[in-house]
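# Residue-level structural notes
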Amino acid sequence: MKKIFLLAFLGCLFAFKATDEKPTLFLCGDSTMANKAPIDAPETGWGMCLPAFFMDAIQLENHAVNGRSTKNFRTLGHWKKVIEQVKKGDYVVLQFGHNDAKKDDTLRFAAAQTDYRQNLTRYIEEIRAKGANPILMTPVMRRKLDESGKFADQHADYPDVVRDLAQKLIVPLVDMHLKSRKLIESQGIEGSKILFMHYGGGFFPKFPKGIEDNTHFSKYGATLMAKLACEGLVEMGHPLRSFLKASPFDEKKLYELPTIYEPVFKKDTFNIGRYGAKNDGNTLNTAAIQQAIDMATNSGGGVVVVPRGLWLTAPIVLKTNVNLHLEAGALLQFTKDYSQFPMVLTNWEGLDAYRVQAPISATEVQNIAITGKGVIDGAGEAWRPLKKDKVTEGDWKRVVASGGVLTEDKKMWFPTQRALLGSTLKRPGVIAEGFDEAKANTVKEFLRPNLVVLRSCQNVLLEGVVFQNAPAWTIHPLLCTHLTVRNVVAKAPSYAQNADAIDIESCKNFIIEGCNLDVGDDGITIKSGRDAEGRKRNAPTENGIIRNNLVYRAHGGFVIGSEMSGGARNLFVYDCTFMGTDIGLRFKTTRGRGGVVENIYCTDIAMTNIAGEAILFDMYYNGKDFADSEKNPMMEIKSVDETTPVFKNCFIRNITCHGAENAIVVRGLPEMNVQNIVIENSTIHAKKGIYCIEGSNIQFKNLRIATTSDETGATISNSQNLTFDKVIFNENLKNNLMLYGAKTAKIRLVNMPNDKILFGEGVNKKIINP
């Protein structure tokens, strides 16, 4: 088959080179591929989504039509319009089968082994007669279940006929039937519904009573089918692959980036004022707001509107198909009254634990949103402890005068005695430490809640709202699938303890874009559970896009860890700006965590005024001091087991940093190095340069490291297989490289001098360019 396709490939390539005119890709098929009118929403043909993945160097024309088979596509004149336009070097996709199988319709029916085969053969011959290139695609699979609940095939012999023709006539084949089946089955019985049209009444004008269609696609499903078509072209090395759009990442085409389903909602509105809510800043509106949410979900969904004004409330719970919408000028202010916040069984840093109920929460629901231009304030000052050295003397006196209690050394303030007690206990609230609800209540204020907690939810949208002043983390989606966080603002004082902006934990398929974050702890953080509990859950955070975000004060701009025991993979970070964060790109873990962090892509990141490292890989988080590891490169080696964390396959490019303490720090474990890292095409201005301790297979390529220190450009300890390719250090440095540790080996220098290298004791000079 490979030899046969090679002949077809050469023919396509010759035809393409024979003309300088822009080639055209014609799509011929049925309703699963066809263009739809706006009134047909949400129905989307996959051919509508395909142009998004192709460059302008090729023209795409979608001639697919609803209800067409190989027979009536010709008899109704559609083929004539196509073939008259086809020119030498063009491409024509043929995908039929759904309607050919309709035996009761004589205008469409074409028996698989006879008429269907003959019709496709004729199309192929006519395409080739014009000097163009046919491409066969098997029909996409329906979402059909048999009596046992398993997916059932309804296409009989039709896919096999296409496969047979492709081989006999040497025609490139994309087996969409097989690919779509694998995709649908991977999504599961319930999860695959979002690929197709499964919507209740009132969501779309064309379907006032709702629609359940397992043949035709939603926009999300059509996009995935278009991506499968691109994948098939690449897999067989088809010439069309050269027309596929690049992504911001060198290793990926655009079609390879994650696609996220975004929920839609009924237009019905439920104004909280109609349910008795008052914006006087005094009335506690919890019951009214919750009633509006409950009425909306019980009515099949809708928009719960929070109008302009200050609305005081206690915790509220979101429900399925509800969009909580804050109008401009609306302030949803959570009360400081601790009695309004019950204790609930939840999850904290990957551990099952009792915590105070979050101001906004949702559990095991789908299609939810918080949108608008209003503000949600978590009254965090009533919950958070405060360190004296984090604030001015005046602010400290003001807080102490407000009440609460101080530690014995008078250096830390807690809002209550129970909060102070909690600070003295081991993992308070955690079930494994013997806490039940009653015991948790004895340290209630210490168990402060995250502002927004969404657990095991599907199809979530957070857009436009300001989330501020959280008691702990600001936004915490846990075990969620298909999450969109767009154009939100997260704010907290710089001294706010644990006030992370966005913590994505064990979530799948998500995008964070256009956000403005200014908080007291990490900015955008990826987590997946802690230690044994996280490994047991075994739910990595995966398939995420983080783009066009601005992070001001934060411990890290983009962070993975340290609770990453379930792993993290396939994350794409680009076009972000970090201003004044402690660290720029921060990857942190420690022994005991376990978990694999892999396939992380970061590009086009701008940083300024970074207090610590611009780029940091640290496998000793909260462990051995960095200075100690630099001075004492030989550290204890432990055996590798499930508790050993892994950082590998990370690609970092196009970083610009103006101001940092250290440009790049890589610090792995002796038993498990940080491995397979590429850092290239970057300029970093920092006090000190590169440190690589216990790293393997790391490439530093095309870097400009401008340091204010005149000591050393890069310090290497117990690291192997490192490449320095056109890395430019300051000319006045005493040493470009300092090499330590008996394990240091195989250092390649490319496009740069091999002098100004200091070898530590026991380091063999032959390791340079071996």
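My aim in this report is to walk through the structure given alongside it, one point at a time. Only a predicted model underlies this, so the values are computations on that prediction, with no experimental measurement involved.

The number of helices and strands found in the protein is 14 helices and 49 strands. Radius of gyration (C-alpha) of the protein: 30 Å, near the 27 Å computed for a compact globule of 770 residues. In terms of overall dimensions, the protein has C-alpha extents of about 90 × 80 × 45 Å along its principal axes. Counting all 770 residues of the protein, 58% fall into the buried class.

Considering all chains together, one arrives at 20 aromatic pairs under this definition. Measuring from centroid to centroid gives 6.3 Å for F96 and Y123, while their planes differ by 20°, and the two rings are stacked. Within this pair, whereas F96 is found in the loop between β3 (91-95) and α5 (112-129), its partner Y123 is found in helix α5, the two being separated by 27 residues in sequence. Y123 shares its class with F96; the two are buried. The interplanar angle of 5° and the centroid separation of 4.3 Å between the aromatic rings of F587 and F617 together place this pair among those described as stacked. Taken together, the residues F587 in strand β37 (residues 583-588) and F617 in strand β39 (residues 613-618) connect sequence positions 30 residues apart.

Taken together, the 5 strands give an open sheet; going across it, the order is β2-β1-β3-β4-β5, and neighbouring strands pair in parallel fashion. Across the chains shown, the open sheet's two edge strands, defined by having one partner strand only, are β2 (59-62) and β5 (173-174). Relative to β3, strand β1 (residues 24-29) runs parallel, the two being bridged by 5 bridges. Residue pairing in the sheet places L27 in a bridge with V93 of β3. Helix α6 (residues 158-168) rests against β4 (133-137) and β5 of the sheet, and its axis sits at about 150° to β4.

This part is about the pairing of strand β33 (residues 541-547). Most of β33 is tucked away: 6 of the 7 residues are buried. Direction of pairing for strand β30 (residues 508-513) relative to β33: parallel, over a ladder of 5 bridges. Across the sheet, F510 pairs through a bridge with G544, a residue of β33. Across 6 bridges, β33 lies against strand β36 (residues 568-579) in parallel orientation. By the bridge assignment, E542 is partnered in β36 with R569.

Per the counting criterion, the structure on display carries 2 cavities of 30 Å³ or more. By volume, the largest cavity amounts to about 40 Å³. What lines the largest cavity is simply P248, F249, D250, E251, Y601, C602, T603, F651, R653 and N654. Among the secondary structure elements, those contributing two or more residues to the lining of the largest cavity are β38 (596-608) and β40 (646-658). Considering only residue class, the lining of the largest cavity consists of 5 nonpolar, 2 polar and 3 charged. In this structure, the second largest cavity encloses a volume near 30 Å³. Along the walls of the second largest cavity sit L25, L27, L50, V93, M137, A229 and L233, which together make up its complete lining. Grouping the constituent residues of the lining of the second largest cavity by class yields 7 nonpolar, no polar and no charged.

This paragraph deals with helix α7 (residues 176-191). Between its terminal C-alpha atoms α7 stretches only 20 Å, short of the 22 Å expected from 16 residues at 1.5 Å a residue. Roughly 50° is the biggest bend found in α7, and it falls at E185. Within the sequence span of α7, burial applies to M176, H177, K179, S180, L183 and I184.

What the largest pocket holds in volume is close to 1000 Å³. Secondary structure elements with two or more residues in the lining of the largest pocket: β16 (351-356), β20 (386-387), β22 (412-414) and β37. Residue composition of the lining of the largest pocket, grouped by class: 14 nonpolar, 9 polar and 16 charged. Approximately 830 Å³ is the volume attributed to the second largest pocket. What lines the second largest pocket is a set of 34 residues, and nearest its centre among them are K219, Y220, T223, T259 and I260. Secondary structure elements with two or more residues in the lining of the second largest pocket: α2 (46-49), α8 (219-235), β27 (481-486), β30 and β33.

Throughout the structure, instances matching the rule amount to 41 salt bridges. Across the pair R181 and E185 runs a salt bridge, and its minimum N-O distance is 2.9 Å. Of this pair, R181 and E185 both sit in helix α7, 4 residues apart, roughly one helical turn. Its relative accessible area of 27% is what places R181 among the partly exposed residues. Two residues, D618 and R667, come together in a salt bridge whose shortest N-O distance is 2.9 Å. Here R667 lies in strand β41 (residues 662-667) and D618 lies in strand β39, a separation of 49 residues in the sequence. Given the relative accessible area of 11%, D618 is considered buried. Taken together, the shared-partner salt bridges connect E262, E463, R486, E513 and R547 into one network.

Definitions and cut-offs
Sequence order as written defines the numbering, with residues in each chain counted from 1. Only residues with pLDDT of 70 or above have their local features reported here, since the model is predicted, and side-chain atom pairs are shown and tallied only from 80 upward, although totals for entire chains, interfaces and linings are computed over all residues. With hydrogens and water excluded, all non-hydrogen atoms of the structure serve as input to the side-chain values. By the criteria applied, helices consist of DSSP H or I runs no shorter than four residues and strands consist of E runs no shorter than two, each listed in order from the N terminus. Based on C-alpha atoms, the radius of gyration is set beside the globule rule, defined as 2.2 Å times the residue count to the power 0.38. Relative accessibility under 20% of the residue-type maximum defines a buried residue, over 50% an exposed one, and the middle range a partly exposed one, all with a 1.4 Å probe and only protein chains included. Planes of paired rings set the category: under 30 degrees apart is stacked, over 60 is edge-to-face and the rest tilted, where pairs are Phe, Tyr or Trp rings (Trp by its six-membered ring) whose centres lie within 6.5 Å. Pairing between strands is defined by DSSP: at least two bridges between the two strands are required. Residues count as neighbours in contact if any of their non-hydrogen atoms are within 4.5 Å of one another. Think of each axis as a best-fit line through the C-alpha atoms, taken over the contacting stretch in the case of a helix, with angles from 0 to 180 degrees between the N-to-C directions. A pocket, in this scheme, is an open set of points on a 1 Å grid over the protein atoms alone with protein on both sides within 12 Å along at least 5 of 7 lines, while a cavity is a set where a 1.4 Å probe fits but cannot get out; residues line either one if an atom lies within 4 Å of a point. Grid points are joined across faces, edges and corners, and a volume is the space filled by probe spheres set on the points. Each residue receives one of three labels: charged for Asp, Glu, Lys and Arg, nonpolar for Ala, Val, Leu, Ile, Met, Phe, Trp, Tyr, Cys and Pro, and polar for the others, Gly being one of them. One less than the residue count of a helix, multiplied by 1.5 Å, gives the span that helix is expected to have. At any given residue, the bend is defined as the angle formed between two axes, one fitted to the seven residues that end at that position and one fitted to the seven that begin there. Every case where a carboxyl oxygen of Asp or Glu lies within 4 Å of a side-chain nitrogen of Lys or Arg is listed as a salt bridge.

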